[in-house]
Amino acid sequence: MTRRDNTPLAPGATIGILGGGQLARMLAQAASRIGLNCHVFAPDADACAFDVVKRATIAAYDDRDALSDFANDCDVITYEFENVPSQTASFLAQNSLVLPDPRVLATTQDRLIEKEFVDSLGIATAPYAAVSDAPQLFEAVRKVGLPAILKTRRFGYDGKGQHKIDVGGDPGAAWRAVNGAACILEGFVPFEREVSVVVARGRDGSLQSFDVTENEHRDHILKVSRVPAGIPDAIAAEAIRIAESIATAFDYVGVLAVEMFVLREGTAHRVLVNEIAPRVHNSGHWTIDGCSVSQFEQHIRAIAGWPLAVPVRLGRVEMVNLIGAEAADYGRWLTVPGASVHIYGKGDPVPGRKMGHVTRVQVD
Ligand code: AMP
């Protein structure tokens with residue numbers, strides 16, 4: 001069925017998902033629990049979401065015949081990753097309801113545009129400057145100061161495309177490392193903690209945020225998330241206000257995550273936005289076992305035009321990612337009291353790849 005109207009979906013309807021990784025897999029698992037089917041479109045035949053969906057299309061993102069057939073089967077289309085090619089999303093949006101609106105991708109796919117957008121809302125970020133050639137990098141170093149991080153504007157994730165320049169370091173080496181890609185130079189922030197807010201916004205503009213999550217990274221990859229975050233209540237409220245104002249400014253429908261740095265200045269704290277992810281997010285995985293509703297179900301509810309649930313956290317929660325070979329050790333978690341084990345079915349472990357996660361809930 002091809003449709004662009006705003007009628008809420010009924011059980012039995014089909015949600016299309018672009019991308020077939022673990023986020024699509026967990027979206028499909030959540031959808032099936034509330035009677036909705038999923039059709040995943042992904043180019044790789046062994047995408048782990050294919051194991052759990054009603055229908056699958058294995059095709060390239062520029063295969064217009066395959067995209068048209070996919071669209072005809074779906075009542076609403078969403079995506080599990082932010083680097084969906086813009087032509088793919090806009091092609092689908094011609095005749096189908098695509099949520100969140102693909103226009104959001106144009107902002108979040110480019111670090112410079114994203115930073116300017118956050119700035120325009122009066123929300124603080126790390127100091128930054130655009131860099132498109134070597135002289136501009138030296139100018140940016142003067143403006144932003146060192147230490148700083150040179151980040152490619154596009155296609156960066158989990159620290160990829162990032163090069164730190166220390167005090168007294170060589171900006172030229174960082175510039176050579178990015179191979180001429182357009183970048184931003186971002187001041188290195190001496191944060192006390194990294195936190196994120198996962199917020200859902202419904203088709204009617206209603207908002208529901210999950211509790212602020214504190215995140216610990218190892219080798220630039222999320223390792224542990226803890227809830228509640230160890231920050232003052234007023235700072236948590238400020239973080240939620242920031243995420244909700246970003247979702248509203250985008251006229252967003254679905255789940256969105258905002259990663260933030262919390263700085264301590266004397267006895268005061270300050271929040272800076274690092275990054276926006278227009279999708280469900282690893283730092284929200286704790287909600288599957290640690291909350292009355294998961295981020296995945298909230299996303300499905302939002303795009304289906306259903307009311308959002310009011311999330312109620314079930315206790316203190318810790319989520320640990322199983323990265324690379326750590327997944328082979330899943331057996332040791334199976335008998336840990338209160339532990340919920342998730343394995344994504346990605347086959348042989350690859351170093352640095354997220355293979356599963358474990359959540360532990362401690363009821364207060
Ligand atoms: P990103 O891909 O921008 O989310 O960066 C990945 C990780 O690198 C972040 O979660 C931080 O741990 C670190 N990082 C990124 N930008 C900065 C910054 N401006 N200052 C300090 N640490 C940063």
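Note that residues are indexed from 1 along each chain, following the sequence as it is written. Reporting of local features is limited, given that this is a predicted model, to residues whose pLDDT is at least 70; pairs of side-chain atoms are given and counted only at 80 or more, and all residues count toward the totals for whole chains, interfaces and linings. Processing note: side-chain calculations cover all non-hydrogen atoms of the structure and skip hydrogens and water entirely.

**Describing the pattern of salt bridges**
Then, number 1: Whenever Lys or Arg places a side-chain nitrogen within 4 Å of a carboxyl oxygen from Asp or Glu, that contact is recorded as a salt bridge. The full count for this structure, using the stated rule, is 25 salt bridges.
Then, number 2: For E186, the salt bridge goes to K151, with nearest N and O atoms at 3.1 Å. Here K151 lies in strand 6 (residues 148–152) and E186 lies in strand 8 (residues 183–187), a separation of 35 residues in the sequence.
Then, number 3: Buried means the residue's accessible area, taken with a 1.4 Å probe over protein chains only, is under 20% of the maximum for its type, while exposed means over 50%, and partly exposed covers the values in between. Overall, the relative accessible area of 4% leaves K151 in the buried class.
Then, number 4: The closest approach of N and O atoms between E318 and R226, which form a salt bridge, is 3.1 Å. Here R226 lies in strand 12 (residues 221–227) and E318 lies in strand 15 (residues 316–323), a separation of 92 residues in the sequence.
Then, number 5: A cluster of three or more residues bridged by salt bridges with shared partners is formed by E216, R218, R226, E318 and R360. Runs of E in the DSSP output that reach at least two residues are strands. Runs of H or I that reach at least four are helices, and both are numbered from the N terminus.

**A short note on a nonpolar patch on the surface**
Then, number 1: Two distance rules govern patches: like charges are joined within 9 Å, and nonpolar side chains (Val, Leu, Ile, Met, Phe, Trp, Tyr) within 5 Å, applied only to residues with over 30% relative accessible area and no salt bridge. Only the protein chains shown count as cover for residues, with accessible areas throughout obtained via the Shrake-Rupley method and a probe of 1.4 Å. A contiguous nonpolar surface patch, about 290 Å² in accessible area, is contributed by Y330, L334 and I343.
Then, number 2: In this structure, Y330 sits in the loop between strand 15 and strand 16 (339–343).
Then, number 3: Residue class for Y330 comes out partly exposed when judged on its relative accessible area of 40%.

**Thoughts on the domain arrangement of the chain**
Then, number 1: Note that domain bounds follow an automatic or database assignment of domains. Here the domain parsing of the chain yields domain 1 (14–98), domain 2 (127–187) and domain 3 (193–362).
Then, number 2: Residue-level contacts link 20 residues of domain 1 with 22 residues of domain 3.
Then, number 3: Two parts placed together each lose some accessible area under a 1.4 Å probe, and adding up what both lose gives the buried area. Buried surface at the junction of domain 1 and domain 3, summed over both partners, amounts to about 1800 Å²; 70% is from carbon and sulfur atoms.
Then, number 4: Where domain 1 meets domain 3, there are 2 salt bridges.
Then, number 5: Of the charged contacts in the structure, one is a salt bridge between E297 and R33, with a shortest N-O distance of 2.9 Å. Residue contacts follow a heavy-atom distance rule, with two residues in contact if any of their heavy atoms lie within 4.5 Å.

**Regarding the sheet that holds strand 3 (residues 55–58)**
Then, number 1: Two strands qualify as a pair provided DSSP detects at least 2 bridges between them. If you walk across this open sheet you meet the 4 strands as 3-2-1-4, and the pairing is parallel. Because the sheet does not close on itself, it has two edges, and the strands there are strand 3 and strand 4 (76–79). For this sheet, the mean angle separating the axes of adjacent strands, direction not counted, is 20°.
Then, number 2: Relative to strand 3, strand 2 (residues 37–42) runs parallel, the two being bridged by 4 bridges. In the strand pairing of strand 3, F41 is matched with T57. Orientation is described by lines fitted to C-alpha atoms, with helices fitted over the stretch in contact, and by angles between N-to-C directions that extend from 0 to 180 degrees.

**A look at the site of the ligand**
Then, number 1: Throughout, the term near means that a residue has one or more heavy atoms lying within 4 Å of the molecule or strand in question. Around the ligand lies a shell of 17 residues, among which K151, Q162, E186, V189 and E194 are the nearest.
Then, number 2: K151 is positioned with one of its side-chain polar atoms (N or O) 2.8 Å from a nitrogen atom of the ligand.
Then, number 3: Between the ligand and E194 there is a distance of 2.5 Å, counted from an oxygen atom to a side-chain nitrogen or oxygen.
Then, number 4: Taking 470 Å² as the accessible area of the ligand by itself, protein coverage stands at 94%.
Then, number 5: Mapped by element, the contributors of at least two residues to the shell around the ligand are strand 6, strand 8, strand 13 (254–265) and strand 14 (268–277).
Then, number 6: Residues belonging to the shell around the ligand are distributed by class as follows: 5 nonpolar, 6 polar and 6 charged.
Then, number 7: Lining the shell around the ligand are residues from two domains, each supplying at least three of them: domain 2 (127–187) and domain 3 (193–362). Within 3.5 Å is the distance limit for a polar contact, defined as a pair of N or O atoms, with the added protein rule that one can donate a hydrogen and the other accept it, and that residues adjacent in sequence qualify only through two side-chain atoms. Residues are grouped as follows: Ala, Val, Leu, Ile, Met, Phe, Trp, Tyr, Cys and Pro are nonpolar; Asp, Glu, Lys and Arg are charged; all remaining types, including Gly, are polar.

**Some points on the nonpolar core**
Then, number 1: Put simply, a nonpolar core is a bunch of buried Ala, Val, Leu, Ile, Met, Phe, Trp, Tyr and Cys residues held in one set by side-chain atoms that sit within 4.5 Å of each other. Grouped together as the largest cluster of nonpolar side chains are 65 residues, with contacts concentrated most on I15, L18, L36, V40, F41, I77 and L92.
Then, number 2: Among the elements that make up this core, the one with the highest residue count is helix 1 (residues 22–33) (7 residues).
Then, number 3: Looking at this core, you find at least three residues from each of domain 1 (14–98) and domain 3 (193–362).
Then, number 4: Leave out the neighbours within four places in its chain, and L18 touches F41, Y61, L67, F70, I77, T78, Y79, E80, F81, V84, T88 and L92.
Then, number 5: Core analysis: the second largest hydrophobic core is formed by 26 residues, I231, I235, A239 and I276 among them.

**A short note on helix 1**
For an α-helix, the turn length of 3.6 residues means that residues three or four places apart are oriented alike.
Then, number 1: Given a helix with a known number of residues, its expected span is that number minus one, times 1.5 Å. Taking 1.5 Å of rise per residue, 12 residues should cover 16 Å, and helix 1 covers 17 Å from first to last C-alpha, within 8% of that figure.
Then, number 2: Taken together, the buried positions of helix 1 are occupied by Q22, L23, A24, R25, M26, L27, A28, A30 and A31.
Then, number 3: Each element contacted by the buried residues of helix 1 is listed here: strand 1 (14–18), strand 2, helix 9 (287–290), helix 10 (295–304), strand 16 and strand 17 (354–362).
Then, number 4: Immediately beyond the C-terminal end of helix 1, within one or two residues, lies G35, with a positive phi of roughly 80°.

**Overview of the sheet that holds strand 5 (residues 128–131)**
Then, number 1: Taken in spatial order, the 4 strands line up as 5-8-6-7 in an open sheet, and their pairing is antiparallel. Among the strands making up the open sheet, the edge pair consists of strand 5 and strand 7 (162–165). On average, each strand axis in the sheet is inclined to that of its neighbour by 25°, with strand direction left out of account.
Then, number 2: Alignment of strand 6 against strand 8, held across 5 bridges, turns out to be antiparallel. Across the sheet, K151 pairs through a bridge with I184, a residue of strand 8.
Then, number 3: Relative to strand 5, helix 5 (residues 111–120) is tilted by about 145°, and along the sheet it contacts strand 5, strand 6, strand 7 and strand 8.

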